[in-house]
Amino acid sequence: QVQLVESGGGVVQAGGSLRLSCAASGRTFTTSAMGWFRQAPGKERELVAAITWSTSTTYYSDSAKGRFTISRSNAENTVYLQMNSLKPEDTAVYYCAALLRGDSAYNYWGQGTQVTVSS
């Protein structure tokens, strides 16, 4: 099992920056990848960025590419999402999720952290 706790959300003006953190605990040695998802009311949940735990291979959605950066710290057992040049359309609840080895889907989720970008 893996437990995930997000932090770092808040309210920021368009063009500003936020850094989200996701602290992982439990059986993290079984983790294959970590991902950041977001969901706005009435919209589908979408994968924003992901990183593999062992090799740090990264993925970004088209909307995130060039603005967001995902990274990890093994020592802190934490994954980060640096968000720059934020736009109002980035407003959503952001969730950290874990993909475990042998699983085909993200099955462990954090509680979510609200990001609001004002214009």
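As the structure is a prediction and not an experimental result, all values here were calculated from the model.

Chemist: Could you clarify how one ought to interpret the environment of K65 in this entry?
Modeler: Position of K65 relative to the elements: it lies in the loop between strand 6 (58-60) and strand 7 (68-73). The exposure class of K65 is exposed, given its relative accessible area of 53%. Sequence separation of K65 and V48 is 17 residues, and the distance between their C-alpha atoms is 8.9 Å.

Chemist: Can you help me understand the state of the cysteines in this one?
Modeler: Each disulfide consists of a covalent bond between the sulfur atoms of two cysteine residues. Applying the stated rule across the entire model yields one disulfide. Through a disulfide, C22 is tied to C96; the S-S separation comes to 2.0 Å. Torsion about the S-S bond of the C22 and C96 cystine: about -80 degrees, corresponding to left-handed handedness. With C22 in strand 3 (residues 18-26) and C96 in strand 9 (residues 92-100), this pair connects stretches of sequence that are 74 residues apart.

Chemist: Help me understand the nonpolar core, please; the structure alone is not making it clear to me.
Modeler: Generally speaking, soluble globular proteins have nonpolar side chains that are buried together. Counting residues in hydrophobic clusters, the biggest one holds 29 residues, and the most contacted among them are M34, W36, L81, M83 and Y94. Ranked by residues supplied to this core, first place goes to strand 9 with five residues. What Y94 contacts, discounting residues up to four positions off in sequence, is E6, L20, W36, F37, R38, V48, F68, L81, M83, G112, T113 and V115. Within the second largest apolar cluster, six residues are counted, among which are A50, A97, L99 and Y106.

Chemist: Any chance you could explain the pairing of strand 5 (residues 46-52) here in plain terms?
Modeler: On any regular strand, side chains alternate: one points to one face of the sheet, the next to the other face. The pairing of strand 4 (residues 31-39) with strand 5 spans six bridges and is antiparallel. Considered in strand 5, the bridge of W36 is made with A49. Hairpin connection from strand 4 to strand 5: six residues lie between these consecutive antiparallel strands, with G42 at a positive phi of about 80 degrees. Following strand 5, the chain reverses through five residues before pairing antiparallel with strand 6; S56 in that reversal takes a positive phi of roughly 65 degrees.

Chemist: I tried to follow the sheet that holds strand 7 on my own but got confused; where do I start?
Modeler: Picture the strands of a sheet paired through backbone hydrogen bonds; they go either parallel or antiparallel. Spatial ordering of the open sheet is given by 1-3-8-7, a layout of four strands whose pairing is antiparallel. Bordering the open sheet on either side are strand 1 (2-7) and strand 7, each of which pairs with just one other strand. Averaged over all adjacent pairs, the angle separating strand axes in this sheet is 20 degrees, with direction ignored. Pairing geometry for strand 1 and strand 3, over six bridges, is antiparallel. Paired with L4 across the bridge in strand 3 is A24.

The rules behind the values
- Residues numbered from 1 in each chain as written.
- Predicted model: local features only at pLDDT ≥ 70, side-chain atom pairs only at ≥ 80, totals over all residues.
- Heavy atoms only, no water.
- Helix = DSSP H or I, 4+ residues; strand = E, 2+ residues; numbered from the N terminus.
- Buried < 20%, exposed > 50% of the residue type's maximum accessible area, 1.4 Å probe, protein only.
- Disulfide = S-S within 2.5 Å.
- Core = buried A, V, L, I, M, F, W, Y, C linked by side-chain atoms within 4.5 Å.
- Contact = heavy atoms within 4.5 Å.
- Pairing = 2+ DSSP bridges.
- Axes fitted to C-alpha atoms, helices over the stretch in contact; angles between N-to-C directions.

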